[in-house]
Structure formats: structure tokens, C-alpha cells
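Inside the fold
The primary structure of each chain is shown beneath.
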Amino acid sequence: MSSALSLAKTVVLSVLSVVVALFVLGMINGAASWLAGWIGLGEGEPRLAWDLAWTLLGGVAATAFAARYAPAWPYVHGGVVWALIAAASVYAAWDLGNDFPFWFVVVLLVSLPFQAAGIWLGARYRPR
């Protein structure tokens, strides 16, 4: 019975680590958007660069969070979050590529390995 309970706890904590990691990504992007408005950053390429930078940092934070707080297999949990970010980035580049400058789409896709570095960070600094 305790084995089943332990497995259920691991599954719930696994799902929570991924869901909360995606929430972290959204919160960082939301805070950056609010901060951009607060400092008076208008529309145009400077704002796109600002948003892109915070999206990349949010990706690192999200993958690190998932890996750090996963109950087991931190690289798998961080990898799941990274795969979701990569899929969303590729979809955005494919679907919205003509709506954004070329540099934005290229940096978004080229930055994916950088965002995966969060997996290593999170796994490295896990509580012992």
C-alpha cells in the first residue's frame, strides 16, 4: 500500500513540477511586459528585443525549476518543459514568422539550446 502511495505522490509531484515551471515562464513574461510598460518602452523593435530577452530568461528559469523540483529524474522533467518551449517556438516561427522581423524569429529558434541550459542548472542545484 505504501508503495502505491509513494508512486502516486511521485506522479503528482512530477506533474506539478512541469505545470508550475510553465507558470513560472508565464509569470516572468507577464512581469517583463508590465515592467516594459512601466518604464515607457513603446512598440517596435526595442520592445520586441526586450520581450525576446525575457522570454529566453523565462525559458531558462522554467527548465531549471522543473529539473530542480522534480521528485525524480530531473533531466526528464526539465526536458519535457524544454520540449514544450521548443514546440511553441517552432510553431510561433512557422505560424507568425511573417508578422515579426527575421532577426526575432532566428534568435528565438537559435536560443533554444541556451534555454536548455536551465535543465543542467536545476539538476545541479537540487536539494540534497
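**With respect to the packing of helix α2 (residues 45–69) against helix α3 (residues 74–96)**
Interaxial distance between α2 and α3 falls to 7 Å at its minimum, and their mutual angle equals 150°. When the interaxial angle is binned, α2 and α3 end up roughly antiparallel. Between α2 and α3 lies a crossing of right-handed hand. Here G59, A62, T63, A66 and A67 of α2 lie close against α3, whose contacting residues are P74, H77, G78, V81, W82 and I85. Its residues placed into classes, the contact of α2 with α3 shows seven nonpolar, four polar and no charged.

**A short note on the nonpolar core**
In terms of nonpolar packing, the biggest core is built from nine residues, these being V18, A21, L25, A62, A66, V81, I85, A86 and L112. If you list the elements that add at least two residues to this core, you get α1 (2–38), α2 and α3. The residues contacting A21, other than those within four sequence positions of it, are L16, A62, F65, A66 and V81.

**Concerning α3**
Because each turn of an α-helix spans 3.6 residues, side chains separated by three or four positions end up pointing in the same direction. Spanning 23 residues, α3 covers 32 Å between terminal C-alpha atoms, matching the ideal 33 Å at 1.5 Å per step. Along α3, the positions that sit buried rather than exposed are P74, H77, G78, V81, I85, A86, S89 and A93. Elements that come into contact with the buried residues of α3 comprise α1, α2, α4 (102–110) and α5 (112–124).

**Here we look at the environment of G58**
Inspection of the secondary structure puts G58 in helix α2. For G58, a relative accessible area of 0% translates into the label buried. Note: C-alpha distance between G58 and N98 (40 residues apart in sequence) is 24 Å. With residues near it in sequence (within four places) discarded, G58 still touches L25 and I28.

**Side note on the pattern of salt bridges**
Counted according to the given criterion, the structure contains one salt bridge. Close ionic contact of R47 with D51 constitutes a salt bridge, the shortest N to O distance being 3.2 Å. Of the two residues, R47 and D51 are both situated in helix α2; the distance of four residues between them amounts to about one turn of the helix. For D51, a relative accessible area of 25% puts it in the partly exposed group.

**A look at the packing of aromatic side chains**
A full pass over the atoms with the stated rule returns five aromatic pairs. Here W34 and W38 contribute two aromatic rings whose centre-to-centre distance is 6.0 Å and whose plane-to-plane angle is 10°, an arrangement assigned as stacked. Of this pair, W34 and W38 are both found in helix α1, four residues apart, which corresponds to roughly one turn of the helix. Both residues of the pair, W34 and W38, belong to the exposed class. Taken together, a centroid distance of 4.8 Å and an interplanar angle of 15° make the contact between F100 and F104 stacked. Overall, the relative accessible area of 29% leaves F100 in the partly exposed class.

Definitions and limits used
- Residues numbered from 1 in each chain as written.
- Predicted model: local features only at pLDDT ≥ 70, side-chain atom pairs only at ≥ 80, totals over all residues.
- Heavy atoms only, no water.
- Axes fitted to C-alpha atoms, helices over the stretch in contact; angles between N-to-C directions.
- Helix = DSSP H or I, 4+ residues; strand = E, 2+ residues; numbered from the N terminus.
- Parallel < 35°, antiparallel > 145°, perpendicular 65-115°, else oblique.
- Left-handed = near helix turned anticlockwise from the far one by under 90°.
- Contact = heavy atoms within 4.5 Å.
- Nonpolar A, V, L, I, M, F, W, Y, C, P; charged D, E, K, R; others polar.
- Core = buried A, V, L, I, M, F, W, Y, C linked by side-chain atoms within 4.5 Å.
- Buried < 20%, exposed > 50% of the residue type's maximum accessible area, 1.4 Å probe, protein only.
- Expected span 1.5 Å × (residues − 1).
- Salt bridge = Lys/Arg side-chain N within 4 Å of Asp/Glu carboxyl O.
- Phe/Tyr/Trp six-rings, centres within 6.5 Å; stacked < 30°, edge-to-face > 60°.

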